[in-house]
Structure formats: structure tokens, C-alpha cells
Amino acid sequence: MNRRKFLGYTAIGLGAGMGGLALWNPFKGGRSVTTKAEANSNFVPDVEIALTAQPGEVQIFSGKPTQVYHYTAKVLKGPSQVVQSIDNSYLGPIFRLKRGQKVRVHFTSQLEQETIVHWHGLHVPEQADGHPRYVIDKGETYVYEFTVANRAGTYWFHPHPHGKTGPQVYGGLAGLFLVSDEEEQALGLPSGPYDLPLVIQDRTFDADNQLVYLTGGMMQRMNGFLGDRILVNGQPDARFNLASNVYRLRLLNGSNSRIYKVAWSDGTPLTVIGTDGGLLEKPLTRPYVMLGPAERIELWADFSAYALNSEMRLVSLPFDGAGGVGMMGGGMMGRGRQNNRLANGSGFEIARFKIVKKEIPTLRLPARLSRVSKANVSSAINVNNPRTFTFAMGMGSATINGRTFEMTRVANDEVVKLNTTEVWQLINGGGGGMGMMGGMMQMPHPVHVHGLQFRVVERTPGAGWASMKDGFVDEGWKDTVLLMPGMRAKILLRFEDFTGLYLYHCHNLEHEDMGMMRNYLVEA
Ligand code: C2O
Ligand code: CU
Ligand code: CU
């Protein structure tokens, strides 16, 4: 293991100057700790950002403001457009960076609980990946340094303290990290106000407009928390006033556990141009798209045929198989209907788009978007013997291959070699048909791997297949793959550039917090 010098510092706020110390408490978070202790003077950043997580309040409804957590950011070096805040929202800010840029982020916590930031989808050194062993306390600062190596695409950042990711993301901590590159710039995709990110989340509010989280006990944690209001960019009943033009819609499912089956309400097919890891080779048409927690999809949306004042509705269609444990019906295993007004798999509206301005579009959908290399399974060193990981939910337990999260441990089957390509088989549930009696519970697991983008090379049907089979976009680069109960997926991953300890886990944040997360180690 690439162990770096073990250094502990006392807390100093960022206000004390740009000393660039990554400060943290060495006595929390486990044993064989490695950290980056100082900003590296050899690293000359193009962009330097101060990012803070803090409690605050936003006016979401009329009446009482809602207490939230939120990130704020300030550009210390580089063009001011690299940080774009979202008005009157807990969400954001949005980072807009270019591939190849060197970035230094000074992250300071003003939260009363430990936290750390993870850059979801980015290929960064392990010290910059936001592993939970790097958590900081209030008043401390952690310095991230990395080069933006990813393809143009829609990535994001969120907290990653072990056991508290769910409540912190739910409380409002999440932002988009948009990367552009030359290949993408040359395409002439919709930009400026026509490049519209849509972060979709669900929340429950009490009568005082305050967020409600996990009041339903163990069953609710096991299912994952579902809110009964749908928010887009932090706003309920989201409405967007648009021109009759073409838009690039970047959708992120930023929900803790809700799955969306995204579609236009009038049946217009979706034109998909990108996935988690950036642009597809060419646009694809789908009747709807399944979007599990943490997944992204980019759409080319052409509103030019719509009349002034007409309204398009983006919806989530009903689907089967989301499973879940309920207390009703024939005992503990209800048929997947959580005691919730908006069950996972029910249909609802996400947002409305009203045409308020007539425009003649000048952009045309490119026939070819990007170069996406063929997923060459035979390049894997274990092509005939995939590494297998089984995600299983028991009564109060959430495991991968029977194991739960350990801060710094890796098992023998979790060590990979740098500069190799592997096939992993990800299995939801370890075989179908297990009910309470078998000790397993059937529920979806959106599986995420840190530090890289992978390819989905095979997917077998799972629960609810008929209601969702046309909605998986496995043609591009992915970092999260939604596994419905009983489903298996084979993914192709390449480990390059960085050694160290990374995570793979279920991105149902309640499952993750329960320990459905493990380390994998990339060894030289
Ligand atoms: Cu989006 Cu390990 O996380
Ligand atoms: Cu991640
Ligand atoms: Cu899960």
C-alpha cells in the first residue's frame, strides 16, 4: 500500500491565510491512514477554489425558511465563471472546469459533524477522492489537488463521511462538477442558458417547512429514504421558462434512494447524448430512461416545434420491481409498497417547461458526438473468471460479499493491479426468490465504483424488467450501474495512473451508511 507520511495538525481555519494545509484529525477514521498534509508547492493550480460546507437556511416555501446544509464557494485563482451559484437554493454551487486544468480546492467545514468531499465520477489521486478516513471537523480544512482528467461530462460532488453521507446529502450538500473539453466544444452543443442542469431529488417537509429524514425506523433505512416531494435544483414544483429552441438538459439523480423512469409526458422519445462519464458516440433515442441514485443522463431537447405558452412535462413513469420491505399485507414482505405517499416506482411529475419565447434554432443535433472506444472484454486479465461482488440486504444488515464497511481494510479479493483491466460481476441479492425467510430482502442497489469510469458489458434481467428494459443506457461510460433485484451486470474497469485505496458501494445512501460499502486497493 502506498503509505504516505503520517502527519497531524491542529485545526486552523482557511481565514488564517492561504497556507494550504490539509488539516485533519489523525485519530478518527481508522488505522492505516494515509493523507496529504500540505498543499504541494510543485503543484501550480490553474484554478483555486475555497469551498465551505455550512448550516444555513433557504426560502423553499412561503412562511418559515428551511434549515439546510449547503456548500458555498469562492474562486481564489482563475476565471470567476468556474463557480456558478444557484440562486436561493441549498444546492450547488456548480463547478465548470476544463479537461486538463489543475485544480486546488480548499475545503473547510463549518458543520457540527465530521465531513469530507468526494468528487463523484472523477479520476483523481486517492488523497483527493474524499475517502471517509479523511473526514475533518468543524473549522478544519482539507486541501484537494488534482488535474481534471475526465472527458467532458456531468460529474458531481457530495459529502462522504462514513455513516452520515445520507443525512448530509439530504440536508442539502451536493453540487455539479461540469467538465468541458475541446472535442465537446467543437460540436457546438447548446450552451449558456441553453445548457440546463436538472438535479432531481426527493424530500419530505414537516408543517414548519423543515426537512424530515429517517423517522420511520429500521424498515425505512433498509428500503432507503423516500421523500414525498420532488425537487429540481432545490425547488419543488419546478417550472422553467424556455425559448422554443434546443437545450442540453443534464439530469442528475441526486436522491438518496429514489429511482426515476424519466420521460416526456406526451410520449416524445428522449434523445440521449451522454451518460455518467460524458458524451455518447452518437445520439440514442429511448422511450424513457431509468435513472438510479447518482446516475446522470444528458438529453438533447428540441422545443422548436412547440407553440408559445405551451408546456412540456418531464415525468417519472411507474415501474415495477423496486421491491422494499413493508409492514402491511401478508407480513413483513409487502409487495414493494413502502408506507409512503410516493413509493419507489410510482408515477409523478418532475418539472414543467413553458415556452415563453419564440426562437428559430440554429444548432443541429450532431450525428456523431464523441469517440467512445469499444469495450474490449478480451483485454481483461480475468475475462473467464470475473471478480464477483454480491450486494445483499438482510434484516438490519447491508453487505457486499457478506462483508460490511471497514475503514481501512481490504480483503484479498479487493486488491487489483495498476495498469490492468478487469471484469467485475455485480450481483443484486445472490439469487432470486429469497424473501424474509431466506434472510435476504429484494431491493434495488445502484452500484458505484470510485476513481474511474467503467463500461457495462452485460446486464441480465431483474425484477420489473418488462417495465424498464428499454431505459438502460449502457452504451457509454458509467460510474454507477442500477441493479434491480436479481439483476446481474458485468462491468469492465481499467485501473490506471493512481495506486491507493478507493471505494465501491451501493449509492442508495441509506444502504451505504449501513455499511454496503467496501474498499478496493489499487497496487503497483
Ligand atoms: Cu457519489 Cu462514494 O459516491
Ligand atoms: Cu463516487
Ligand atoms: Cu443498496
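Residues numbered from 1 in each chain as written. Chains lettered and ligands numbered in written order. Predicted model: local features only at pLDDT ≥ 70, side-chain atom pairs only at ≥ 80, totals over all residues. Heavy atoms only, no water.

Asks: Could you give an account of the coordination of the copper ion (ligand 2), naming the residues involved and the relevant values?
Replies: Looking at the metal site, the copper ion (ligand 2) is ligated by His-118 (NE2) and His-448 (NE2), spaced 1.9 Å from it. Linking His-118 in strand β6 (residues 117-120) with His-448 in strand β27 (residues 445-449), this pair joins segments that are 330 residues apart in sequence. (Donors = N, O, S within 2.8 Å, 3.2 Å for Na, K, Ca; no water. Helix = DSSP H or I, 4+ residues; strand = E, 2+ residues; numbered from the N terminus.)

Asks: An account of the confidence of the model for the protein is needed here, citing residue identities and associated values.
Replies: The pLDDT averaged across the protein works out to 89; a share of 87% of its residues lies at or above 70. Scored below 50 in pLDDT, residues 1-37 makes 92 contacts in the model with residues more than four places away or belonging to other chains. Counting contacts from residues 431-438, a segment whose pLDDT is below 50, to residues more than four positions away or on other chains yields 11 contacts. (pLDDT = per-residue confidence, 0-100. Contact = heavy atoms within 4.5 Å.)

Asks: So what about the pattern of salt bridges? Which residues, and what values?
Replies: Under the counting rule described, the total for this entry stands at 35 salt bridges. A salt bridge links Glu-48 to Arg-104, with the nearest nitrogen and oxygen atoms 3.3 Å apart. Of the two residues, Glu-48 sits in strand β1 (residues 47-58) while Arg-104 sits in strand β5 (residues 102-109), which places them 56 residues apart along the sequence. With relative accessibility at 11%, the residue Glu-48 sits in the buried group. One salt bridge in this structure joins Glu-112 and Lys-138, with 2.6 Å as the shortest N-O distance. Taken together, the residues span a long stretch of sequence, with Glu-112 in the loop between β5 and β6 and Lys-138 in the loop between β6 and β7 (141-147) at a distance of 26 residues. Taking the relative accessible area as the measure of exposure, Glu-112 reaches 68% and is therefore exposed. Salt bridges here are not isolated pairs; linked through shared partners, they connect Arg-96, Glu-184, Asp-195, Arg-248, Arg-250 and Glu-298. (Salt bridge = Lys/Arg side-chain N within 4 Å of Asp/Glu carboxyl O. Buried < 20%, exposed > 50% of the residue type's maximum accessible area, 1.4 Å probe, protein only.)

Asks: Would you mind going over the pairing of strand β16 (residues 260-264) in detail, with residue names and values included?
Replies: Burial analysis of β16 places 5 of its 5 residues in the buried class, the great majority of the element. Burial of the side chains of β16 extends over both faces: Tyr-260, Val-262 and Trp-264 are buried on one face and Lys-261 and Ala-263 on the other. Relative to strand β21 (residues 311-316), β16 runs antiparallel, the two being bridged by 3 bridges. By the bridge assignment for β21, Val-262 is matched with Ser-316. (Pairing = 2+ DSSP bridges.)

Asks: Can you break down unusual backbone geometry residue by residue, with the values?
Replies: Following Gly-92, the chain continues to Pro-93 via a peptide bond in cis, the omega torsion being 0°. The residue Ala-294 is not glycine, and still its phi comes out positive at about 80°. Tracing the backbone shows Ala-294 in the loop between β19 (289-291) and β20 (296-302). The phi torsion at Asn-309 lies on the positive side, around 70°, for a residue other than glycine. Take Asn-309: it is sitting in the loop between β20 and β21. Judged by its relative accessible area of 52%, Asn-309 is exposed.

Asks: Describe the packing of aromatic side chains, and please don't skip the residues or the numbers.
Replies: Counted according to the given criterion, the structure contains 33 aromatic pairs. Look at Phe-389 and Tyr-504: their rings are 4.7 Å apart centre to centre, the planes differ by 50°, and that puts the pair in the tilted class. Highlighted residues: Phe-389 in strand β23 (residues 387-394) and Tyr-504 in strand β32 (residues 500-506), separated in sequence by 115 residues. Relative accessible area serves as the criterion here: at 0%, Phe-389 is assigned to the buried category. Tyr-504 gets classed as buried once you look at its relative accessible area, which sits at 1%. Among the aromatic residues, those joined into a cluster by ring pairs are Tyr-71, Phe-95, Phe-107, Trp-119, Tyr-134, Tyr-142, Tyr-144, Phe-146, Phe-157 and Phe-177. Lying across the ring of Trp-477, Arg-455 places its NZ or CZ 4.9 Å from the centre. Over the aromatic face of Phe-472 sits the side chain of Arg-459, whose NZ or CZ is 3.8 Å from the ring centroid. (Phe/Tyr/Trp six-rings, centres within 6.5 Å; stacked < 30°, edge-to-face > 60°. Lys NZ or Arg CZ within 6 Å of the ring centre and 35° of its normal.)

Asks: Can you break down the sheet that holds β32 residue by residue, with the values?
Replies: An order of β25-β33-β32-β27-β30 is seen for the 5 strands of this open sheet, with the pairing classed as mixed. Here the strands that pair on one side only, and so sit at the sheet edges, are β25 (415-417) and β30 (480-483). Between one strand and the next, the sheet's axes are offset by a mean angle of 25°, whatever the strand orientation. (Axes fitted to C-alpha atoms, helices over the stretch in contact; angles between N-to-C directions.)

Asks: Help me get a handle on the side chain of Asp-276, residues and values and all.
Replies: As for its position among the elements, Asp-276 is in the loop between β17 (270-275) and β18 (278-286). Reaching out from Asp-276, the side chain makes a polar contact with the side chain of Lys-478 at a distance of 3.2 Å. Polar side-chain contacts of Asp-276 include one of 3.1 Å to the backbone nitrogen of Thr-480. (Polar contact = N/O pair within 3.5 Å; in protein donor to acceptor, adjacent residues only side chain to side chain.)

Asks: Requested: an account of the environment of Leu-173, with residues and values cited.
Replies: Mapped onto the elements of the fold, Leu-173 is located in the loop between α1 (165-170) and β9 (175-180). By relative accessible area, Leu-173 is classed as buried at 0%. Considered as a pair, Leu-173 and Pro-93 are 80 residues apart in the sequence and their alpha carbons are 9.8 Å apart.

Asks: Tell me what's going on with the environment of Lys-138, and back it up with residues and numbers.
Replies: Classification of Lys-138 as partly exposed rests on a relative accessible area of 43%. For the pair Lys-138 and Thr-108, spaced 30 residues apart in sequence, the C-alpha to C-alpha distance is 7.7 Å. When residues no more than four places from it in sequence are discounted, the contact partners of Lys-138 are Ser-109, Gln-110, Leu-111 and Glu-112. Side-chain polar atoms of Lys-138 contact the side chain of Glu-112, separated by 2.6 Å.

Asks: Describe the sheet that holds β5, listing the residues and the values that go with them.
Replies: Read from one edge to the other, the open sheet built from 4 strands follows the order β2-β1-β5-β7, with strand pairing classed as mixed. In this open sheet, the two strands that pair with only one neighbour each are β2 (66-77) and β7. Direction aside, neighbouring strands of the sheet carry axes that sit 20° apart on average. Relative to β5, β1 runs parallel, the two being bridged by 7 bridges. Note that in β5 the partner of Ala-53 across the bridge is Ser-109.

Asks: Provide a residue-level description of the pairing of strand β22 (residues 348-357), including the pertinent values.
Replies: The two faces of the sheet receive side chains in turn, since in a regular strand these alternate between them. As paired elements, strand β14 (residues 238-243) and β22 share 6 bridges and run parallel to each other. Across the sheet, Leu-242 pairs through a bridge with Ile-355, a residue of β22. Relative to β22, β21 runs antiparallel, the two being bridged by 6 bridges. Bridge pairing links Val-315 to Glu-349 in β22.

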